[in-house]
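# Residue-level structural notes
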Amino acid sequence: MNSKNTWTFTLIVVGVVFILNLFAQNLFVRFDLTENERYSISDVTRDILADIDDPITVKVFYSENFPRQLISVKQYVLDMLNEYRAYAGSALEYEFIPISGEDQELEQEAMSYGIQPVQANITESDEIKVQRIYLGIVFLYGDQKEIIPFAQQIEQLEYDMTGAIKKLSLGSLPKIGWLTGHGEQSLGEEGVARAMGEIQKNYELVEVNLTSEEQISQDINTIILAGATAPFEDQDLYKLDQYILRGGRMGMFLNRKVIDMQNQYMPVQENSSNIFSFLEHYGVRFENQLLLDKTAYQVQAMQNLGFLQIPVAVDYPFAPRITSLNEDNPIVNRLKELGFFFVNELKHVGDTSAVSFSPLMHTSDMTGIALPDQRTRSINISAGQQVPDYMYREGPKPISAVLEGEHKSWFGDTRPDTLEYPESHLTSSITSTVMVALGNATFTSQQFMVPSSLTFLLNAVDWLHDRNGLISIRSKNVQPSQLEEMSSGKRQTLKWINILLAPFLITILGVIRWFIRNKSKNLAGA
């Protein structure tokens, strides 16, 4: 190739690269080849980033001497922020701020935002050391801020980050109503403080007392009814009825039995609330029996050992370990198991053609019904009792379900004259409504809360409020793929394939090459 051709070829290559660059400025494509798409953000996140009006600044405070055991978490935070900025463009900027033990100013700045160091046990050189670690994220939007105090759970990182950005861009949190006034736990009670705190990260939780409120506010599209035990007045039921007919969504977490662990003689009592007959009109019946399950969580029970009593872990059939979950619904499809203390079966009733009933979970094949003692007429719920296998013969039972459809008013075509309401009477649904029912009310209380049951509550609230929103990115699976376990025979086979395959292929290539050269010589001689 002469000099002129070389220059022509070079100019063509440069021109092609220049044109491709121009196209690349307007064309954005990213490929994530990991099996679980751990480096990709969801469509929900992309939509929220596209709607940002004013720039959001993200500050990441991290320890300069970051432990190598957690370096992957820090790298994941950086990768996710790169992904966010790629889609948000100039609307999002971030900076990583290293904090050393000697820089008091940066530590004070981090603490002023609400970022506190975490004490962690770090293993180095066969020694366990206690180290103060910073890995907090601050989102700044005008004079508003949101923080992630410590980015430890990377499976929750996109949910937390997108939730923070959404809250800042909206300016105010959407409202979720928590019904009270009929034996439900109020928001101020200590037992529900943890559950309420988690919900309030993304919503404004409003206490709604039907006995004193004129109506359920129009700006509340989701309400939670948890643990009602007292009767509802007709006026209260009417407010609830009209809310449902206008398309209001509801989470119904109820027990037909009232559990009182402090009552040694009658720990299980009947729930006298009339809410159950009211809800049957909308398609769901809460059965009256407590369920037992052979597959259960363990609790501590005191057992006698001579003159001593020692705590022993025993299976507790009143706390089913639920593994049969609906794979099609995002409330439960990313959970491995769930657990609740004292559950009731749910059944689909009423006009089944107008309202769909989709179970979210079932108990195991070894399910039974708790029977009362013939003498005391009370159900024994003490831990450590022996339940014979013949009691577990009922088969799987649905204990939670999604109901969706349109309804007729509980009160018929006209409003009773004795009832007052500020809006005109609705005789039937003006739009389809969605409900999540669970035959359990104890799981919102700290005393009976299993970690996975709190996740169920948050998922249910997210899904009810916006089924296409943040629920789709909660608990993202970012764990690395695991090696499949194989038999020893299969391992030996693969071992010898690894040893012999390369020499075998080289030998075959050598024979083919010899054959080709030998044939060429013969042709040349001819």
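First things first, this report covers the structure right here in the doc. Note that the structure is predicted; figures quoted are calculated from it, not measured.

As summarised here, the arrangement of the 3 strands in space is 18-13-20, forming an open sheet in which the pairing is antiparallel. The two strands at the open ends of the sheet, each matched to only one other strand, are strand 18 (344-348) and strand 20 (367-369). Recorded for the sheet is a direction-independent mean angle of 55° between the axes of neighbouring strands. Where strand 13 (residues 284-293) and strand 18 come together, 4 bridges link them in antiparallel fashion. From the neighbouring strand, leucine 290 faces strand 18, where its bridge partner is asparagine 344.

The buried count for strand 1 (residues 56-63) comes to 7 of 8 residues, which makes it a mostly enclosed element. Here strand 1 runs beside strand 2 (residues 92-99); their pairing, made up of 8 bridges, is parallel. What sits directly across from serine 63, in strand 2, is isoleucine 99. The β-α-β motif built from strand 1, the intervening helix 3 (residues 71-88) and the parallel element strand 2 has right-handed crossover chirality.

Quick look at the packing of aromatic side chains now. Across all of its chains, the model carries 20 aromatic pairs by this definition. If you follow arginine 321 out to its NZ or CZ, it ends over the ring of tyrosine 297, 4.1 Å from the centre. Above the ring of tryptophan 496, the side-chain terminus of lysine 495 is found at 5.9 Å from the ring centroid.

Position of aspartate 293 relative to the elements: it lies in strand 13. This buried residue, aspartate 293, is left without a salt bridge; arginine 321 holds the nearest opposite charge, at 9.0 Å. Polar contacts involving the side chain of aspartate 293 include one to the main-chain amide nitrogen of threonine 295, which spans 2.9 Å. Within the structure, aspartate 293 has its side chain in polar contact with the side chain of serine 364 (distance 2.5 Å). Sequence-distant contacts of aspartate 293, that is, excluding residues within four places in its chain, are made with Pro317, Pro320, Thr363, Ser364, Met366, Thr367 and Tyr392.

At a minimum axis separation of 9 Å, helix 2 (residues 43-50) and helix 3 run at an interaxial angle of 55°. On the basis of their axis angle, the class for helix 2 and helix 3 is oblique. When you trace helix 2 past helix 3, the crossing you get is right-handed. Seen from helix 2, the contacting residues are Thr45, Arg46 and Leu49; seen from helix 3, they are Tyr84, Tyr87 and Ala88. The residue inventory of the contact of helix 2 with helix 3, partitioned by class, reads 4 nonpolar, 1 polar and 1 charged.

Reading the values: rules and limits
Residues numbered from 1 in each chain as written. Predicted model: local features only at pLDDT ≥ 70, side-chain atom pairs only at ≥ 80, totals over all residues. Heavy atoms only, no water. Pairing = 2+ DSSP bridges. Helix = DSSP H or I, 4+ residues; strand = E, 2+ residues; numbered from the N terminus. Axes fitted to C-alpha atoms, helices over the stretch in contact; angles between N-to-C directions. Buried < 20%, exposed > 50% of the residue type's maximum accessible area, 1.4 Å probe, protein only. Right-handed = clockwise from strand over helix to strand, strands pointing away. Phe/Tyr/Trp six-rings, centres within 6.5 Å; stacked < 30°, edge-to-face > 60°. Lys NZ or Arg CZ within 6 Å of the ring centre and 35° of its normal. Lys, Arg positive; Asp, Glu negative; His and termini not counted. Salt bridge = Lys/Arg side-chain N within 4 Å of Asp/Glu carboxyl O. Polar contact = N/O pair within 3.5 Å; in protein donor to acceptor, adjacent residues only side chain to side chain. Contact = heavy atoms within 4.5 Å. Parallel < 35°, antiparallel > 145°, perpendicular 65-115°, else oblique. Left-handed = near helix turned anticlockwise from the far one by under 90°. Nonpolar A, V, L, I, M, F, W, Y, C, P; charged D, E, K, R; others polar.

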